[in-house]
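Residue-level listing of the chains:
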Amino acid sequence: MFVSYKYADSDVRQFINLRHKTTVRDYVNKISNTLDRSNGYNYRGENDREDLSDLDYRTIERKLADRMFYTSVTIVLISPKMFENVQEIEQWIPWEISYSLKNKTRADGSSNMNAILAVVLPDRNGSYNYAVKTDGRHIFVRKKAFFEIMLVNMFNRKGISHFVDGYGNPMYVHGNSYIVLTRWCEFCSNPNRYINLALRNRGEWNQFDIVKKIDERWVS
């Protein structure tokens, strides 16, 4: 299991039992601890307080690729300030998603495309509305809160028409998007359910129009 996220984004709901300001990294710790105990998924991302920022781009890329190569599931944490004001191709989260979607071969073996699960984190007020909204029955995605590499791999089951609301927000339905989407509160209540939904899509990958490469024209 690999988790892709914006390490220092603190514009998320704060945990009351921490002595420091809560960042997205604290959510990663909860995921790692919960899944390691519950179903044996091994977390292969960066460790807490591990700083790769002083390394050159190619070294970081190699270290991330080494960790992701042996995983089958990538969890992407959506947070309010995960974007940087540069092209999408220059940001690590989109690169990690793109790498996760590729079939990879090395001298010691091969690694197939990962299942991808996107988990929307609550903002400081405990709200998810910056990324998704609901009318009580359906979930609609606010496209501006997601990277383009994610959007082109959602709502992408072949032969399926996707409903949008009056503001152009597409409606999310499990099974119609390769990338599975849920909110933190739902994920915590049953993480295995959402991981299994993502793995099911991975097994049916040829039923989706999957885009693996980041387009240089995409700007966050």
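Going by the structure above, here's the rest.
How each quantity is defined
Residues numbered from 1 in each chain as written. Predicted model: local features only at pLDDT ≥ 70, side-chain atom pairs only at ≥ 80, totals over all residues. Heavy atoms only, no water. Helix = DSSP H or I, 4+ residues; strand = E, 2+ residues; numbered from the N terminus. Buried < 20%, exposed > 50% of the residue type's maximum accessible area, 1.4 Å probe, protein only. Pairing = 2+ DSSP bridges. Axes fitted to C-alpha atoms, helices over the stretch in contact; angles between N-to-C directions. Polar contact = N/O pair within 3.5 Å; in protein donor to acceptor, adjacent residues only side chain to side chain. Salt bridge = Lys/Arg side-chain N within 4 Å of Asp/Glu carboxyl O. Phe/Tyr/Trp six-rings, centres within 6.5 Å; stacked < 30°, edge-to-face > 60°. Lys NZ or Arg CZ within 6 Å of the ring centre and 35° of its normal.

*Asks:* Just checking my understanding: could you explain unusual backbone geometry for this structure?
*Replies:* Most of the time, phi is negative for any residue but glycine, and the peptide bond is trans. Located in the positive-phi region is Phe-155, a residue other than glycine, with phi close to 55°. Along the chain, Phe-155 falls in the loop between α4 (148–151) and β8 (171–172). Exposure remark for Phe-155: the relative accessible area of 14% places this residue in the buried category.

*Asks:* Honestly, the sheet that holds strand β9 (residues 180–183) in this entry has me stumped. Any pointers?
*Replies:* Backbone-to-backbone hydrogen bonds join strands into a sheet, with any given pair of strands oriented parallel or antiparallel. Spatially, β1-β2-β5-β9 is the arrangement adopted by the four strands of the open sheet, whose pairing is parallel. If you trace the sheet from one side to the other, it starts and ends with β1 (2–4) and β9, each paired once. Neighbour to neighbour, the strand axes of the sheet diverge by 25° on average, direction disregarded. Pairing analysis gives three bridges linking β1 to strand β2 (residues 73–78), with the strands arranged parallel.

*Asks:* Any chance you could explain the side chain of Asn-29 here in plain terms?
*Replies:* Mapped onto the fold, Asn-29 is located in helix α1 (residues 24–38). Owing to a relative accessible area of 18%, Asn-29 belongs among the buried residues under this scheme. Polar contacts involving the side chain of Asn-29 include one to the side chain of Arg-25, which spans 2.8 Å.

*Asks:* What is the right way to read the pattern of salt bridges from this model?
*Replies:* It is possible for side chains bearing opposite charge to pair when their charged atoms get close. By the definition in use, this model includes six salt bridges. We note a salt bridge from Glu-204 to Arg-157, for which the minimum N-O separation is 3.1 Å. Taken as a pair, Glu-204 in the segment after α6 (191–203) and Arg-157 in the loop between α4 and β8 lie far apart in primary sequence, 47 residues in all. Looking at Arg-157, the relative accessible area reads 15%, which means it is buried. Among the ionic pairs, Arg-183 bridges to Glu-186, the shortest N-O distance being 2.8 Å.

*Asks:* Please explain the packing of aromatic side chains as it appears in this structure.
*Replies:* When we look at a pair of aromatic rings, we describe it by the centre distance and by the angle of the planes. According to the stated counting rule, one finds 10 aromatic pairs in the structure shown. Members of the aromatic cluster, joined through ring pairs, are Phe-15, Tyr-27, Trp-184 and Phe-187. Against the face of Phe-15 rests Lys-30, its NZ or CZ located 4.8 Å from the ring centre.

*Asks:* Would you take a moment to explain the side chain of Asn-114 for this structure?
*Replies:* Turning to its location among the elements, Asn-114 is positioned in the loop between β4 (109–111) and β5 (115–120). Engagement of the side chain of Asn-114 in a polar contact is seen with the side chain of Thr-71, the distance being 2.9 Å.

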